[in-house]
Amino acid sequence: MSALFPPTEPLTDGVVTLRLWTEADAPARSRAFHGDAELVRWTDLPYDYDAGEALADIRRGHELLDVGERLSFAVLDARSAVIGGIDLMLTAYDRAELGYAITASARRQGNATRALRLLSDWSLSHLGVHRLELPVPLGNVASAGVARGAGYEPEGQLRSFLALRDGGPRYDVTMFSRVRAVGAER
Ligand SMILES: CC(C)(COP(=O)(O)OP(=O)(O)OC[C@H]1O[C@@H](n2cnc3c(N)ncnc32)[C@H](O)[C@@H]1OP(=O)(O)O)[C@@H](O)C(=O)NCCC(=O)NCCS
């Protein structure tokens, strides 16, 4: 059975760094995710995402960490500026699902791929999870590119798999996964 705990040190590859969100990040988080049609299209974030909503989300993330359900990281660039976020949610049977977003001005520079690779490598070697899942809605070409770049394999399509908003449309997805290497039991 896997347990959820954060890394003792921030995760970094020298270009991007992942660390848990703090309440002081609320203004930077709202600036990163404010006024972005791509985020509205592919996540549950509102267009006018403000610092109050960001603070509430950060606090909710802390509560979910306390109950062992979710790790929520800020993605920082080399100057320690917030450029995005990445989450890992434990699901069942030692599986976890990941999700991520990068601010518009920092896209197409490999940042999401780096963040996903960092968190995936660490999770598979430290958390006791055996399988990482990325359900990517059909049409989210950017996210599918990130998944492939971080070593995830497409397994097939799942119909009506997720809804991003209460009462909103349901999406067919391509399920991408990475699994712990055979022989890497802990
Ligand atoms: C998806 C997202 C996180 C990608 O972030 P990013 O930092 O730009 O991704 P990367 O730079 O690591 O891109 C890696 C690869 O993905 C593909 N890709 C990324 N953005 C793309 C785009 N707009 N169109 C086509 N392919 C794209 C490319 O193959 C790219 O490699 P390349 O730049 O060498 O061509 C970002 O677009 C975003 O925040 N989107 C809104 C939120 C979202 O969709 N989250 C995922 C939910 S499943």
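In case you missed it, the structure is sitting above this.
Remember, it's a predicted structure, so these values are computed and weren't measured experimentally.

## Structural notes on unusual backbone geometry
Excluding glycine, residues mostly have negative phi values, and the peptide bonds linking residues are mostly trans.
Part 1 of the reasoning: Phi is positive for Y93, which is not a glycine, with a value near 50°.
Part 2 of the reasoning: By the element assignment, Y93 lies in the loop between β4 (82-90) and β5 (95-102).
Part 3 of the reasoning: Here R108, not a glycine, exhibits a phi torsion of approximately 60°, which is positive.
Part 4 of the reasoning: Within the secondary structure, R108 sits in the loop between β5 and α4 (111-126).
Part 5 of the reasoning: Classification of R108 as exposed rests on a count of 10 C-beta atoms within 10 Å.

## Some remarks on the site of the ligand
Part 1 of the reasoning: The immediate surroundings of the ligand are formed by 23 residues, with W42, R107, A112, A142 and G145 found nearest.
Part 2 of the reasoning: Top element by residues in the shell around the ligand is helix α5 (residues 141-149). It accounts for six residues.
Part 3 of the reasoning: Across the shell around the ligand, the residue classes break down as 10 nonpolar, 10 polar and three charged.

Scoring rules and cut-offs
- Residues numbered from 1 in each chain as written.
- Predicted model: local features only at pLDDT ≥ 70, side-chain atom pairs only at ≥ 80, totals over all residues.
- Helix = DSSP H or I, 4+ residues; strand = E, 2+ residues; numbered from the N terminus.
- Buried ≥ 20, exposed ≤ 12 C-beta atoms within 10 Å, placed from the backbone.
- Near = placed C-beta within 6 Å.
- Nonpolar A, V, L, I, M, F, W, Y, C, P; charged D, E, K, R; others polar.

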